[in-house]
Amino acid sequence: MNEALRRLLNLPPQASTIARDVDYLHYFVIGTTMLGAVFVAALAAYYLLRHRESVSKNQPAPADTRKSHTTGATPLWLEWSIIVGLLVLFCGWWVLGFRQYVRMQIAPDGALTIYVTGKKWMWTFMYADGTASNGILYVPEDQPVKLVMSSRDVIHSFFVPAFRIKQDVVPGRTTTTWFEATDPGTYPIFCAEYCGTGHSTMRAQVVVLSHEDYERHLEHTPPPDLPGPAETEPGLVGRVPPSALSLAEMGQRVAVYQGCLRCHSADGSPHIGPTWVGLYGSTISLEGGGEVLVDEAFMTESMMDPLAAVHRGYPRVMPSYQGLLSVAEVGALIEYMKRLRTAPAEVEPAPLPLAPAEVELEGVAP
Ligand code: CUA
């Protein structure tokens, strides 16, 4: 049934854990609206036929027949049943959609985090081990993957039809989405927000690897041929050679180079700003009331617009890093802070600042 409807509606394969549920909601919406349309059309046809004669005779119908047509008031119970029925339908619809929305928005704990950069007109992916790839997103099957995304220029939208996920990617902000791929293969990624003349070419692909292939991939051997359409866009240059550093190590260098550690400590001691030890994943109180969970989105906001929400008890002195940190550097800093979440304050001498050219993390030409 599911397969028949999927083919009938010409939907792409269901290659993630949520795809089927999204489709069920889709079938439900289409089915309900079709039923409604058929009902209205049938009712119209019925009245058209029933009252055809009195009109076609081209003479006024007898007064009593006309009266009988207009005075047939709907019984009260029927009116209320229709109103309540529609309300129940509406609420049920909303509950179904809302539960799915929440499930699609909140990544499960322990998801693999990958940083996504959108720019005119390509997608770049950065992995926690310090590797990066352009145009090809490598993920293991049966493993939740959380995408932390931002844009370098304009609004893009990350869309994987086979996974039924679509999320705007906004400059200066971090948005997230997640998926768990169920079948090895390659699936197209599109940009679903008009972003300029190259919008239609802003494509990439997800390569879902089985666990063995993924292990092999992590050891930097090329993956085997997979079923699915292979993208051959000129922008897809494939994997960027791995750098010697993990993303967290790069983040540490960025923190030194950008001067973050002049105000934030990495050993747990308070300073001008809050220490980074244990900061990620904690809930902090804000100046002016309220609390906030320190996650990727909040950390990005704090870097780009520090005064929007200030940690209680700290001075309002942090400058904005808008335009000073690339998306990849923000991702690296977040990975570094994540490491400081669990590790006890490891007091190691901060590495020497690198020349700017060496800190360039993109690994790809802009
Ligand atoms: Cu990026 Cu459209």
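Structure's up top.
Just so it is clear, the structure is predicted and the values come from calculations on it, not from any experiment. (Residues numbered from 1 in each chain as written. Predicted model: local features only at pLDDT ≥ 70, side-chain atom pairs only at ≥ 80, totals over all residues. Heavy atoms only, no water.)

Asker: Pulling in residues and values, what's your account of the pairing of strand β2 (residues 122-127)?
Answerer: For β2, the buried fraction is high: six of the six residues fall into the buried class. Of the two faces of β2, both are covered, the one formed by M122, T124 and M126 as well as the one formed by W123, F125 and Y127. As judged from the six bridges shared by strand β1 (residues 112-119) and β2, these two strands associate in the antiparallel manner. Bridging from a neighbouring strand, V116 pairs with F125 of β2. (Buried < 20%, exposed > 50% of the residue type's maximum accessible area, 1.4 Å probe, protein only. Helix = DSSP H or I, 4+ residues; strand = E, 2+ residues; numbered from the N terminus. Pairing = 2+ DSSP bridges.)

Asker: I'd like to hear about the sheet that holds strand β4 (residues 136-140), residue by residue, with values.
Answerer: With mixed pairing, the five strands of this open sheet are ordered in space as β4-β10-β9-β6-β7. Each end of this open sheet is capped by a strand with a single partner; those strands are β4 and β7 (165-169). Going from strand to strand, the sheet's axes swing by 25° on average, the running direction of each strand aside. When strand β6 (residues 156-160) meets strand β9 (residues 185-191), the two strands line up antiparallel, connected through two bridges. By the bridge assignment, F159 is partnered in β9 with F190. (Axes fitted to C-alpha atoms, helices over the stretch in contact; angles between N-to-C directions.)

Asker: How would you sum up a nonpolar patch on the surface? Please name residues and give values.
Answerer: Taken together, the side chains of W94, V95, F98, Y101, V102 and I106 define a hydrophobic patch exposed on the protein surface, amounting to about 610 Å² of accessible area. Structurally, the position occupied by W94 is in helix α5 (residues 76-105). (Patch = residues over 30% accessible without salt bridge, like charges linked within 9 Å, V, L, I, M, F, W, Y side chains within 5 Å. Areas by Shrake-Rupley, 256 points an atom, 1.4 Å probe, with all protein chains shown as cover. Salt bridge = Lys/Arg side-chain N within 4 Å of Asp/Glu carboxyl O.)

Asker: I'd like to hear about the pairing of strand β8 (residues 175-180), residue by residue, with values.
Answerer: When you tally the buried positions in β8, you get five out of six residues, the bulk of the element. Two elements, strand β5 (residues 144-151) and β8, share six bridges in a ladder whose sense is antiparallel. Paired with V148 across the strands is T176, a residue of β8.

Asker: If you had to explain unusual backbone geometry to someone new, which residues and values would you point to?
Answerer: A cis geometry characterises the amide bond from K120 onward to W121, with omega recorded as -5°. Following the sequence through the fold, W121 ends up in the loop between β1 and β2. One non-glycine residue with positive phi stands out, namely N10, at about 60°. In this structure, N10 sits in the loop between α1 (2-8) and α2 (19-50). N10 sits in the exposed class, given a relative accessible area of 67%. Although it is not a glycine, R164 sits at a positive phi angle of roughly 60°. Looking at the secondary structure, you find R164 in the loop between β6 and β7.

Asker: Give a detailed account of the environment of A132, specifying residues and quantitative values.
Answerer: Turning to its location among the elements, A132 is positioned in strand β3 (residues 132-134). Residues A132 and A328, spaced 196 residues apart in sequence, show a C-alpha to C-alpha distance of 9.8 Å.

Asker: Can you tell me about the packing of aromatic side chains, naming the residues and giving the values?
Answerer: Applying the stated criterion across every chain, the model contains nine aromatic pairs. Look at W123 and F158: their rings are 5.2 Å apart centre to centre, the planes differ by 90°, and that puts the pair in the edge-to-face class. Of the two residues, W123 is situated in strand β2 and F158 in strand β6; the sequence distance between them amounts to 35 residues. On the accessibility criterion, W123 (0% relative accessible area) is buried. Sitting over the ring of F159, K166 keeps its end group 4.7 Å from the ring centre. (Phe/Tyr/Trp six-rings, centres within 6.5 Å; stacked < 30°, edge-to-face > 60°. Lys NZ or Arg CZ within 6 Å of the ring centre and 35° of its normal.)

These figures capture arrangement, not role.
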